[in-house]
Amino acid sequence: MNVVVDTNILFSAILSPKGKIHDLLLNSEREFSFFTPVFLIQELELHHSKLLKISGFTEDDVKFLKRTLFHHIEFIDPEIIQPESWLKGFEITNDIDEKDTPFVALAIDLKGLLWTGDKKLMKGLKSKGIDWILTTEDLDQIRNK
């Protein structure tokens, strides 16, 4: 099952290395293939100091956690996402948060699911009848069946 991971999921996995999100990313290879747009790496770098401050981890700890998680996610160059998927993604997200367009477009392109913890995004997508959104609890239930 193809699952697109958004930024807040990775952020949470880094902040809680003993948490459920971290565990799902590291121990679900039989059930899920995880994907994300490559720019997520840059987005995490923009918030690197925030990660350090909130987590209380050392610089080396945060770098190690990122590397470990990155080994379980396939990073996709947004340029290979089909233009139709970009357009549909933008149509869906432009009145919710257009910064989420790449994640939605990638999920459309992969015919996959979107894993997010962003409540505003979830609510907005559900209000549009989108049913291919997963919460952490959804993923955990699927994995543990």
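Residues numbered from 1 in each chain as written. Predicted model: local features only at pLDDT ≥ 70, side-chain atom pairs only at ≥ 80, totals over all residues. Heavy atoms only, no water.

Counted by the stated rule, this structure contains seven salt bridges. Across the pair K20 and E137 runs a salt bridge whose closest N-O atoms are separated by 2.9 Å. Placement of K20 in helix α2 (residues 20-26) and of E137 in helix α9 (residues 136-143) is noted, with a sequence separation of 117 residues between them. Here K20 falls in the partly exposed class, since its relative accessible area comes to 36%. A salt bridge links K63 to E59; the shortest N-O distance between them is 3.8 Å. Of this pair, K63 and E59 are both found in helix α5 (residues 59-70), four residues apart, which corresponds to roughly one turn of the helix. Linked through salt bridges whose partners overlap, the residues forming this network are K20, D23, E137, D140 and R143. (Salt bridge = Lys/Arg side-chain N within 4 Å of Asp/Glu carboxyl O. Helix = DSSP H or I, 4+ residues; strand = E, 2+ residues; numbered from the N terminus. Buried < 20%, exposed > 50% of the residue type's maximum accessible area, 1.4 Å probe, protein only.)

In short, geometric facts, not functional conclusions.
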